[in-house]
Amino acid sequence: MRRLIVNTFLTLDGVMQAPGGPGEDDDGGFRHGGWSVTYWDELMGQTMGATMGVPFDMVLGRRTYDIFAAHWPNAPEEDAKPLNDATKYVASRGRPALRWRNSTLIDGDVAEGVAALKRTDGPELQVHGSADLLQTLVRHGLVDEFRIWTFPVVVGPGKRLFGDGTVPTALRLVGSSVSSTGVLMCTYQPAGEIATGSFALD
């Protein structure tokens, strides 16, 4: 059984759209692409290195796949090797030509396809970016761990990790650190149903 790990950069107001640069994802007229870039420090690099330093395959939405496929095959080998070597499972409504090596299309229903992948033997499955795909994975309870980096910036409207249709669930914090630039790097695991209570006086 494989674990599905979500690696997501978020603004303080919950937006995950286009953290890496202008033009990365302009859907909805989004104008703040690249909001994460100026916050990187040595600790963040080390933490990302640890994430990429274990065996993994990737589950990607089509837009993120295209962004990665245009960059990583041409990047320096010492940085790109883990991503180039990983098997890339791609969710798409069409039948795209997947030219990045070790890439395969998830056939049929995406939720069923990812659930089937999780039942196979192999390394952990990492999801990077892929805002639209994540709505499906979260809605169907397929995520085993969220590695959420929250940046101290507010951008307003944009694509969110927990969008409409998210199933309410409790989360347990299992790890955290803070960069010198104020980025909160937190790891959460699902913890069942939300337990509610009241502060009202009898």
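See the structure above.
Attention here is on the structure that accompanies the text.

What counts and how
- Residues numbered from 1 in each chain as written.
- Predicted model: local features only at pLDDT ≥ 70, side-chain atom pairs only at ≥ 80, totals over all residues.
- Heavy atoms only, no water.
- Helix = DSSP H or I, 4+ residues; strand = E, 2+ residues; numbered from the N terminus.
- Rg over C-alpha atoms; globule rule 2.2 N^0.38 Å.
- Buried < 20%, exposed > 50% of the residue type's maximum accessible area, 1.4 Å probe, protein only.
- Contact = heavy atoms within 4.5 Å.
- Lys, Arg positive; Asp, Glu negative; His and termini not counted.
- Charge placed at Lys NZ, Arg CZ, Asp CG, Glu CD.
- Polar contact = N/O pair within 3.5 Å; in protein donor to acceptor, adjacent residues only side chain to side chain.

**What about the overall build of the protein chain?**
Then step 1. A tally of regular secondary structure across the protein chain gives 5 helices and 8 strands.
Then step 2. When its helices and strands are written in sequence order, the protein chain yields β-α-β-α-α-β-β-α-β-α-β-β-β.
Then step 3. Its C-alpha atoms give the protein chain a radius of gyration of 17 Å, near enough to 17 Å, the size a compact globule of 202 residues would have.
Then step 4. Viewed in the frame of its principal axes, the protein chain has a C-alpha envelope of about 65 × 40 × 35 Å.
Then step 5. Here the protein chain holds 202 residues, and 45% of them are scored as buried.
Then step 6. In the protein chain, once contacts between residues fewer than 6 apart in sequence are set aside, the share between residues at least 24 apart is 68%.
Then step 7. Side-chain charges of the protein chain comprise 18 positive and 24 negative groups, with the mean position of each set lying 5 Å from the other.

**Here's the deal with helix α4 (residues 110-118)**
Then step 1. In terms of burial, α4 is a largely internal element, 7 of the 9 residues being buried.
Then step 2. All of the buried residues along α4 are Val110, Ala111, Gly113, Val114, Ala115, Leu117 and Lys118.
Then step 3. Contacts made by the buried residues of α4 are with β1 (4-11), β2 (56-61), β3 (88-91), β5 (124-128) and α5 (131-139).
Then step 4. Capping the start of α4 is the job of one residue whose side-chain oxygen sits 3.2 Å from the backbone nitrogen of Ala111: Asp109.

**Some details on the side chain of Ser36**
Then step 1. Looking at where Ser36 falls in the secondary structure, it is placed in the loop between β1 and α1 (42-52).
Then step 2. For Ser36, a relative accessible area of 3% corresponds to the buried category.
Then step 3. Side-chain polar atoms of Ser36 contact the backbone oxygen of Pro19, separated by 2.8 Å.
Then step 4. Apart from residues no more than four positions distant in its own chain, Ser36 is found in contact with Phe9, Pro19, Gly20 and Phe151.

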